[in-house]
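Next come the chains, spelled out residue by residue.
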Amino acid sequence: MTAIVAVDIGGTHARFAIAEVQDGRVIELSEAVTLKTAEHASFQTAWQEFERLNGALLPRAVAIAIAGPVDADVIKLTNNPWIIRRSMVCEKLDVDSFVIVNDFGAVGHAVAQAGTEHFEHLTGPKQDFAAEGTLSIIGPGTGLGVAHIWRKGSNYHVQATEGGHIDFAPLDPIEDAVLARLRKRYRRVSIERVVSGPGLINLYETLAAIEGRAVQQYDDKTLWQMGMSGQDSLAAAAIDRFCLSLGSVAGDITLAQGGFAGVVIAGGLGLRIKDSLIRSGFAERFRAKGRFEGLMSAIPVKLITHPQPGLFGAAAAYAQQHV
């Protein structure tokens, strides 16, 4: 087995763990250590702090998942002032090899390698994903992550996409009102404007306008809390509407990608609204694809419940490429 450091860097936190990889797969992942990015001047100083906390020299290989584009040599993180230079990773971290992947690409690798115990059934047949074919992954969070995995035998390929930026397609008068409201603000309305954490604000304000209510301005985190707790009936209605839209979007993405082997809803937001998804019209909207309703009904749709998909997926990406 090969020991590596797995890192998952977001806007607020950087998570570190030691992973053991072998034969292209993750064998073991240690407990995560979470550091606040605001408390460290750079990734290098955060790395040094993790090494101090680890109490021993770190392995000489690292897999890094980053919230943002990762193709350039100079990588600027989203909502985080750190800058990472690919050409200097080995020198700065004193490692011999590394992999850098987009955070949602890492989620794709996690989906590809996680065991069945890390998935929870949402809708469709209660069966494992098909052993071969394409899996579609949709992850609502700060934005809307979209990826797919192609699997054949023991091989797989993860493709992160920008599917969260396709056009929003309303299916009823309320969604018509959402689109009309957002079109005044944006030249083009993508699904991410609705099916994401901040998108709840747009749904909430549209529902208030339909009812002629004057509502207080809230941030999306407050609205999610108010709706999930039942404290605010309008916020709860907005969450139900969010679940409907997520079902429609997940079905559209699945048709476009050919994700007939299975569909995964990823991200912390998906886990938090699990019960709402199950009792909402998510399943009906996912299936409601006209002549293809029978096909959609035969696809298992699950939540990934792995506690650290970013770390696990980063390690899996390294294992696939180097081990």
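*Asks:* Teacher, can you tell me more about the overall build of the protein chain here?
*Replies:* Looking only at helices and strands, one finds twelve helices and 14 strands in the protein chain. Taking 2.2 N^0.38 as the reference for a compact globule, 323 residues should give roughly 20 Å; the C-alpha atoms of the protein chain span a radius of gyration of 20 Å, in line with that estimate. Judged by the C-alpha coordinates and their principal axes, the protein chain covers about 60 × 45 × 35 Å. Taken across its 323 residues, the protein chain has 50% of its residues classed as buried. Within the protein chain, counting contacts between residues at least 6 apart in sequence, those at least 24 apart form 66% of the total. In the structure as shown, the protein chain presents an accessible area of about 15,000 Å², 49% of it carried by carbon and sulfur atoms. In the protein chain, 30 side chains carry a positive charge and 34 a negative one; their mean positions are 6 Å apart.

*Asks:* What am I meant to see in the sheet that holds strand β13 (residues 262-265) here?
*Replies:* Backbone-to-backbone hydrogen bonds join strands into a sheet, with any given pair of strands oriented parallel or antiparallel. Read across the open sheet, the six strands follow the order β9-β14-β13-β10-β11-β12; overall the sheet is mixed. Looking at the sheet topology across the chains shown, the edges are occupied by β9 (119-123) and β12 (155-161). Each adjacent strand pair in this sheet contributes to an overall mean axis angle of 25°, direction not counted.

*Asks:* Explain the packing of aromatic side chains to me, please; I cannot follow it from the model alone.
*Replies:* Given two aromatic rings, their pairing is described by the distance between the two centres and the angle made by the two planes. For the coordinates displayed, the defined rule picks out seven aromatic pairs. A centroid spacing of 6.3 Å and a plane angle of 75° characterise the contact between Tyr204 and Tyr218, whose relative ring orientation is edge-to-face. A residue pair is termed long-range when its members are at least 10 positions apart, and Tyr204 in helix α5 (residues 199-210) and Tyr218 in the loop between α5 and α6 (220-229) qualify at 14 residues. An aromatic cluster is defined as three or more aromatic residues linked by ring pairs; in this entry it consists of Phe16, Phe43, Trp47, Phe50 and Trp82. Over the ring of Tyr186 we find Arg193, and its NZ or CZ is 3.7 Å from the ring centre. Over the aromatic face of Phe129 sits the side chain of Lys302, whose NZ or CZ is 5.6 Å from the ring centroid.

*Asks:* When you look at unusual backbone geometry in this model, what are you seeing that I'm missing?
*Replies:* Residues apart from glycine generally show negative phi values, whereas peptide bonds are mostly found in trans. A positive phi angle is found at Asp23, which is not glycine, with a value near 50°. Residue position: Asp23 is located in the loop between β2 (13-22) and β3 (25-29). Although it is not a glycine, Asp94 sits at a positive phi angle of roughly 60°. One can find Asp94 in the loop between α2 (89-93) and β8 (97-102).

*Asks:* Can you help me understand a nonpolar patch on the surface in this one?
*Replies:* On the surface, a cluster of nonpolar side chains totalling about 320 Å² of accessible area is made up of Leu255, Phe260, Phe292 and Leu295. By the secondary structure assignment, Leu295 is in helix α11 (residues 293-297).

*Asks:* Mind showing me how you'd approach the nonpolar core here?
*Replies:* A general trend in soluble globular proteins is that nonpolar side chains are found buried together. Ile138, Leu200, Phe242 and Ile265 are the most contacted members of the largest nonpolar core, which totals 42 residues. Every element with two or more residues in this core is listed here: β11 (144-152), α4 (173-183), α5, α6, α7 (233-257), β13, α10 (282-287) and β14 (301-304). The leading source of residues in this core is α7, at ten residues. The next biggest cluster of nonpolar side chains, apart from the first, holds 38 residues, and it includes Ile149, Ala261, Val264 and Phe312.

*Asks:* Help me understand the environment of Ile273, please; the structure alone is not making it clear to me.
*Replies:* Mapping Ile273 onto the fold places it in the loop between α8 (268-272) and α9 (274-279). Separated by 72 residues in the primary sequence, Ile273 and Ile201 place their C-alpha atoms 16 Å from one another. When near neighbours in sequence (up to four residues on either side) are disregarded, Ile273 contacts Trp224, Met228, Phe242 and Cys243.

*Asks:* What should I look at first to understand the side chain of His109 in this one?
*Replies:* Examined against the element boundaries, His109 turns out to sit in helix α3 (residues 103-113). With residues up to four places along the chain from it excluded, the contact list for His109 reads Tyr156, Val158, Gly313, Ala316, Ala317 and Gln320.

*Asks:* What should I look at first to understand the confidence of the model for the protein chain in this one?
*Replies:* Interpreting fine coordinate detail is not advised for predicted regions of low pLDDT. Chain-level pLDDT for the protein chain is 95 on average; 100% of the residues reach the 70-or-more range. Least confident of the elements in the protein chain is α8, whose mean pLDDT is 87; most confident is β13, at 98.

Quick notes on the rules
Residues numbered from 1 in each chain as written. Predicted model: local features only at pLDDT ≥ 70, side-chain atom pairs only at ≥ 80, totals over all residues. Heavy atoms only, no water. Helix = DSSP H or I, 4+ residues; strand = E, 2+ residues; numbered from the N terminus. Rg over C-alpha atoms; globule rule 2.2 N^0.38 Å. Buried < 20%, exposed > 50% of the residue type's maximum accessible area, 1.4 Å probe, protein only. Contact = heavy atoms within 4.5 Å. Areas by Shrake-Rupley, 256 points an atom, 1.4 Å probe, with all protein chains shown as cover. Lys, Arg positive; Asp, Glu negative; His and termini not counted. Charge placed at Lys NZ, Arg CZ, Asp CG, Glu CD. Pairing = 2+ DSSP bridges. Axes fitted to C-alpha atoms, helices over the stretch in contact; angles between N-to-C directions. Phe/Tyr/Trp six-rings, centres within 6.5 Å; stacked < 30°, edge-to-face > 60°. Lys NZ or Arg CZ within 6 Å of the ring centre and 35° of its normal. Patch = residues over 30% accessible without salt bridge, like charges linked within 9 Å, V, L, I, M, F, W, Y side chains within 5 Å. Salt bridge = Lys/Arg side-chain N within 4 Å of Asp/Glu carboxyl O. Core = buried A, V, L, I, M, F, W, Y, C linked by side-chain atoms within 4.5 Å. pLDDT = per-residue confidence, 0-100.

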